[in-house]
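The chain contents come next:
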Amino acid sequence: MNQVEIKIAGMHCQGCVSGVQRALGAVTGVQSVVVELAAQRALVAGAADPTYYAALRTAVEEAGFDVVGEIGLSA
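Caption draft 1: Up close: the sheet that holds strand S3 (residues 41–46). One open sheet holds the four strands; their spatial order is S2-S3-S1-S4, and the pairing between them is antiparallel. Strands with a single pairing partner mark the edges of an open sheet, and in this sheet they are strand S2 (30–36) and strand S4 (66–73). Looking at each pair of strands side by side, their axes are set apart by 20° on average, direction ignored. Sheet topology places S2 next to S3; six bridges connect them, and they run antiparallel. Directly across from Ser-32, in S3, lies its bridge partner Ala-45. Seen against the sheet, helix H1 (residues 14–25) touches strand S1 (2–9), S2 and S3 and runs at an angle of roughly 165° to S2.

Caption draft 2: Examining the nonpolar core more closely. Counting residues in hydrophobic clusters, the biggest one holds 22 residues, and the most contacted among them are Ile-6, Ile-8, Met-11, Leu-24, Val-44 and Leu-56. Looking at this core, the elements with two or more residues in it are S1, H1, S2, S3, helix H2 (50–62) and S4. Considering each element in turn, this core owes the most residues, five residues, to H1. Each residue touching Ile-6, except ones within four places of it in the same chain, is listed here: Leu-24, Gln-40, Arg-41, Ala-42, Val-44, Leu-56, Val-60, Val-67 and Ile-71.

Caption draft 3: View of the packing of aromatic side chains. The full count for this structure, using the stated rule, is one aromatic pair. Between Tyr-52 and Tyr-53, the aromatic rings sit 6.3 Å apart at their centres with planes inclined by 45°, giving tilted as the arrangement. For Tyr-53, a relative accessible area of 22% gives the class partly exposed.

Caption draft 4: Fine view of the pairing of S1. Relative to S3, S1 is paired through six bridges, and the arrangement is antiparallel. Each residue of the ladder has a partner; that of Gln-3, found in S3, is Ala-45. Where S1 and S4 come together, five bridges link them in antiparallel fashion. Of the residues in S4, the one forming a bridge with Ala-9 is Asp-66.

Rules of the game
- Residues numbered from 1 in each chain as written.
- Predicted model: local features only at pLDDT ≥ 70, side-chain atom pairs only at ≥ 80, totals over all residues.
- Heavy atoms only, no water.
- Pairing = 2+ DSSP bridges.
- Helix = DSSP H or I, 4+ residues; strand = E, 2+ residues; numbered from the N terminus.
- Axes fitted to C-alpha atoms, helices over the stretch in contact; angles between N-to-C directions.
- Contact = heavy atoms within 4.5 Å.
- Core = buried A, V, L, I, M, F, W, Y, C linked by side-chain atoms within 4.5 Å.
- Buried < 20%, exposed > 50% of the residue type's maximum accessible area, 1.4 Å probe, protein only.
- Phe/Tyr/Trp six-rings, centres within 6.5 Å; stacked < 30°, edge-to-face > 60°.

What follows is the structure in structure tokens.
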């Protein structure tokens, strides 16, 4: 299991955090999600392949937020 970091623009409140967490949690292969409002990011544990990254990006965007930069492995 790998952990990826997704930088997200547009989150302003706990409702935003809940929406992003719910959207990412629904992606096949996701094991866990931690969304940090202050850091404007999500840490997602699960699979690690290009189609998975695309699904994560799509989930964030369909929830109404923007992914900033590339999705990558978290240190």
